[in-house]
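Survey of secondary and tertiary structure
Residue strings, one per chain:
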Amino acid sequence: MNVMRVVPSLYPEKMGGIGLHAHHLSRLQAEDGHDITVYTSDNGDSSLPGCERRDGYKVKRYRQVARPLNNTITPGIVSDLVREAEQYDVVHIHSHLYFSSLMAALVSQLRDKPTVLTNHGIMSQSVSKWVQLTYLPTVGRLAFESADRILCYHERDRNELLDRGVTTDIDVIHNGIDCEQFAPTATDGGDVSQVADDGSESPYIAFVGRLQPGKGAHFLIDAFARIADSYPERNLVLVGDGPQREELEALAHEEGVADRVEFLGEVPNEQIPAVVGEADVFALPSLAEGMPRTVLEALACETPVVTTDLKQLRPLVEDVGRLVPAESPGTLADALADLLAMDADKRDRMGTRGRERILEKYSWRDTVRQTTNVYRELLDGEDQATPQPVAHQ
């Protein structure tokens, strides 16, 4: 199949779940023999090539002219989408929240192309709630309705879309994890001190995510400060960057734990298994999430997790970590202390169960196979709907 993929950002130029998902999906579908072209933004980096082929698939980048509310605006993509969509069998749009997503949705309707839209989370972590309450039932719903099939990571988002009146058919396909890269053995020879400047060879709690309020890193620093005296040998390691970094560094100083909180910045994805796999605990106290890849990656590395008590995370995290209420640093501190105080063998068994769960339900190969099967279903349905020529005697 010849697939047009439209995504606001792409790994490795931009860290983050959507870009990483699009990269791995494109790479593995290309390995399976499909022709994949990714249409994306340069996200303000004009040094990137406008067009290149890598990892088996083609990338076309368009210049960002503005970035309101963390939404990359690329007017140049519109004419190419209109002109080139006709050559593809399927249009696959990632997220309903971005300029490129909306343009691709309009073009797919104009060209009447089979269209798939992957929902990477209904709510944005970068936009105020009142804006989203206006956007989602109007423009956002139009994006969903433009697709022939919607893919969600979990039943919770599927049910929420149905409750919002979305009538497009929805499939649940779990987010995929490379269980060979993210594995306990992946940490052999991969020392965290190779990434950090100092101190991180000590036992530590790990966080991976964009440093913005919605990820809850400020609650994590608060919680860590509450247990720091009880666990003087533990550090807190934060991987990622973002607009909240200076505020978080100041908070660590205010809480008196600045010498034990390390900000590693953005780290290449191939080094994340070493960071997460060597941690005693992984923590992600987000205010909202879809199905967070970082939690899946931590479990694949056999690291117990502490996450916010979000409905979609309950079946994943139960008995392999701890769930805590949102915006509750005191409860978060208690959960971290509970896992840190746990017998090492018991914590190891918890980690083993976590990896088994990922292997069973969140393998990348399963994600790729199921996604490609959706394309085939749409194309088969289109063929059946096309009237066949009548043979005249």
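Fair warning: this is a prediction, and the values are worked out from it, not measured in the lab. Note on numbering: residues in each chain are counted from 1, in written sequence order. Whole-chain, interface and lining totals are the exception, using all residues; otherwise, since this is a predicted model, local features are given only for residues with pLDDT of at least 70 and side-chain atom pairs are given and counted only at 80 or more. With hydrogens and water set aside, each side-chain value is computed from the structure's full complement of heavy atoms.

**Digging into the overall build of the protein**
Each helix and strand in the protein was counted, giving 13 helices and 14 strands. In this setup the radius of gyration rests on C-alpha atoms only. A globule is expected at 2.2 Å times the number of residues raised to 0.38. Over its C-alpha trace the protein gives a radius of gyration of 22 Å, about what one expects of a compact globule, namely 21 Å for 393 residues. Looking at the protein as a whole, 57% of its 393 residues are labelled buried. Of the contacts formed within the protein by residues at least 6 apart in sequence, a portion of 70% connects residues at least 24 apart. If you sum the accessible surface of the protein, you get close to 16,900 Å²; carbon and sulfur atoms cover 47% of it. In this tally Asp and Glu are treated as negative and Lys and Arg as positive; neither His nor the chain ends contributes. Every charge is mapped to an atom, namely NZ of Lys, CZ of Arg, CG of Asp or CD of Glu. Taking the average place of the 39 positive charges on the side chains of the protein and the average place of its 62 negative ones, the gap between the two points comes to 5 Å. Per the convention used, a helix needs a DSSP run of H or I reaching at least four residues, while a strand needs a run of E reaching at least two, with both numbered from the N terminus. The rule is simple: take the accessible area with a 1.4 Å probe, protein chains only, and divide by the maximum for that residue type; under 20% is buried, over 50% is exposed, in between is partly exposed. Here a residue-residue contact requires only that any non-hydrogen atoms of the pair lie within 4.5 Å. Every accessible area reported is derived by Shrake-Rupley at a probe size of 1.4 Å, with residue values counting cover from the shown protein chains alone.

**Focus on helix α6 (residues 217-227)**
One full turn of an α-helix is made of 3.6 residues, so residues set three or four places apart face in the same direction. Counting buried residues in α6 gives 10 out of 11 residues, a clear majority hidden from the surface. Along α6, the residues classified as buried are Ala-217, His-218, Phe-219, Leu-220, Ile-221, Asp-222, Ala-223, Phe-224, Ala-225 and Ile-227. Here the buried face of α6 lies against β9 (204-208), β10 (235-239), α7 (245-254), β11 (261-265), β12 (281-284) and α11 (329-341).

**Re the environment of Leu-25**
Following the sequence through the fold, Leu-25 ends up in helix α1 (residues 17-31). Classification of Leu-25 as buried rests on a relative accessible area of 0%. Along the chain, Leu-25 and Pro-329 lie 304 residues apart, while their C-alpha atoms are 36 Å from each other. If near-sequence neighbours (up to four positions away) are discounted, Leu-25 is found in contact with Arg-5, His-92, His-94, Trp-364, Val-368 and Thr-371.

**Observations regarding the confidence of the model for the protein**
The share of residues in the protein with pLDDT of 70 or more is 92%, and the mean pLDDT across the chain is 90. Each residue carries a pLDDT score, the predictor's confidence in it, ranging from 0 to 100. Below pLDDT 50 for its whole length, residues 187-200 participates in 28 contacts with residues either more than four positions away or in separate chains. This model gives residues 386-393 a pLDDT under 50, and the stretch forms one contact once residues within four places in sequence are excluded.

**Here we look at the sheet that holds β10**
As summarised here, the arrangement of the six strands in space is β11-β10-β9-β12-β13-β14, forming an open sheet in which the pairing is parallel. Strand pairing shows two members of the sheet lacking a second neighbour, β11 and β14 (321-324), which therefore form its edges. Mean inter-strand twist for the sheet, computed between neighbouring axes without regard to direction, equals 20°. Two strands make a pair as long as DSSP finds a minimum of two bridges between them. The sheet contact formed by β10 and β11 spans four bridges and is parallel. Counted as the bridge partner of Leu-236 is Val-261 from β11. Axis lines are fitted to C-alpha atoms, over the contacting stretch for helices. Their N-to-C directions set the angle, which ranges from 0 to 180 degrees. Running over the sheet, α6 touches β9, β10, β11 and β12 and is turned about 170° from β10.

**Describing the pattern of salt bridges**
Note on definitions: salt bridges are taken to be side-chain nitrogens of Lys or Arg within 4 Å of carboxyl oxygens of Asp or Glu. The full count for this structure, using the stated rule, is 28 salt bridges. Residues Glu-377 and Arg-149 are paired through a salt bridge, measuring 3.0 Å at the closest nitrogen-oxygen approach. With Glu-377 in helix α13 (residues 364-385) and Arg-149 in strand β7 (residues 149-152), this pair connects stretches of sequence that are 228 residues apart. In this structure, the salt-bridge partner of Asp-241 is Arg-245, at a minimum N-O distance of 3.8 Å. Residue Asp-241 is classed as partly exposed on the basis of its relative accessible area, which comes to 31%. Residue Arg-245 is classed as partly exposed on the basis of its relative accessible area of 22%. Connected through salt bridges with shared partners, the residues Glu-13, Glu-52, Arg-54 and Arg-61 form a single ionic network.

**Section: the packing of aromatic side chains**
When the centres of two rings from Phe, Tyr and Trp lie within 6.5 Å, Trp using its six-membered ring, the rings pair. Their planes under 30 degrees apart give stacked, over 60 give edge-to-face, and anything left gives tilted. For the structure shown, the criterion picks out two aromatic pairs. When the centroid spacing of 6.3 Å and the interplanar angle of 10° are considered together, the rings of Tyr-39 and Tyr-62 count as stacked. With Tyr-39 in strand β2 (residues 35-41) and Tyr-62 in strand β4 (residues 57-62), the pair connects residues that are 23 residues apart, well separated along the chain. Of the residues examined, Tyr-39 reaches a relative accessible area of 0% and is grouped as buried. The class of Tyr-62 is buried, set by a relative accessible area of 9%. Aromatic side chains Tyr-39 and Tyr-88 sit 6.1 Å apart centroid to centroid with 80° between the ring planes, which places their arrangement in the edge-to-face category. Pair noted here: Tyr-39 is in strand β2 and Tyr-88 is in the loop between α2 (76-84) and β5 (90-94), with a separation of 49 residues, a long-range link. Following the ring pairs from residue to residue traces out a cluster consisting of Tyr-39, Tyr-62 and Tyr-88.

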